[in-house]
Amino acid sequence: VASHAVRARLTAIQACERFGFPVERIEDEPRVVELAQGELEKQPRADVYRCDGPVKRGIAREAMFYRPPGVSPDGDRGESQFDVERRFAAFVEQKL
């Protein structure tokens, strides 16, 4: 299983080749993709995480429940760490 992110797929291919697992059996799984940063995606990290900026204030105020604003260029809404935890837990629960 790999997320649909290109680098995740490439890593899965390398791991499969290394351990002799058939690459064609890799399954794309959207629930294991990394946290969606909303409109903050593809923005310079130094700008997004400025010490005095709104993102740092939001994280300080809301901790793991802070959700980045807006929608990414790919159409994904910003997710909190808690959102990702719930999404990934649902995937794990289904697999168990």
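Residues numbered from 1 in each chain as written. Predicted model: local features only at pLDDT ≥ 70, side-chain atom pairs only at ≥ 80, totals over all residues. Heavy atoms only, no water.

Some points on the overall build of the chain
Phase 1 of the analysis: Secondary structure summary: the chain contains four helices and zero strands in total.
Phase 2 of the analysis: For the chain, the sequential pattern of α-helices and β-strands runs α-α-α-α.
Phase 3 of the analysis: For 96 residues, the compact-globule estimate of 2.2 N^0.38 gives 12 Å, and the chain exceeds it by more than 25% at 16 Å.
Phase 4 of the analysis: When each of the 96 residues of the chain is scored for burial, the buried share is 27%.
Phase 5 of the analysis: Partitioning the intrachain contacts of the chain with sequence separation of at least 6 by distance along the chain shows that 58% fall at a separation of at least 24.
Phase 6 of the analysis: For the chain, the exposed surface amounts to about 7100 Å²; the carbon and sulfur share of it is 53%. (Helix = DSSP H or I, 4+ residues; strand = E, 2+ residues; numbered from the N terminus. Rg over C-alpha atoms; globule rule 2.2 N^0.38 Å. Buried < 20%, exposed > 50% of the residue type's maximum accessible area, 1.4 Å probe, protein only. Contact = heavy atoms within 4.5 Å. Areas by Shrake-Rupley, 256 points an atom, 1.4 Å probe, with all protein chains shown as cover.)

A short note on the layout of surface pockets
Picture a little ball the size of a water molecule; that probe, rolled over the atoms, points out where space is still empty.
Phase 1 of the analysis: The space that makes up the largest pocket amounts to roughly 390 Å³.
Phase 2 of the analysis: Along its surface, the largest pocket is lined by 16 residues, and V33, E34, E41, D74 and D76 are the ones closest to its centre.
Phase 3 of the analysis: For the lining of the largest pocket, the residue count by class is five nonpolar, two polar and nine charged.
Phase 4 of the analysis: Estimates place the volume of the second largest pocket at around 160 Å³.
Phase 5 of the analysis: Taken together, 13 residues line the second largest pocket, and the ones lying closest to its centre are L35, Y49, I59, Y66 and Q81. (1 Å grid on protein atoms, 1.4 Å probe; cavity = no way out; pocket = protein on both sides within 12 Å on 5 of 7 lines; lining within 4 Å. Points joined across faces, edges and corners; volume = space filled by probe spheres on them. Nonpolar A, V, L, I, M, F, W, Y, C, P; charged D, E, K, R; others polar.)

Quick look at the packing of aromatic side chains
Phase 1 of the analysis: Counted according to the given criterion, the structure contains two aromatic pairs.
Phase 2 of the analysis: With 5.1 Å between their ring centres and 55 degrees between their planes, F65 and F82 make a pair best called tilted. Placement of the pair is F65 in the loop between α3 (54–62) and α4 (81–95) and F82 in helix α4, with a sequence separation of 17 residues.
Phase 3 of the analysis: Classification of F65 as partly exposed rests on a relative accessible area of 47%. (Phe/Tyr/Trp six-rings, centres within 6.5 Å; stacked < 30°, edge-to-face > 60°.)

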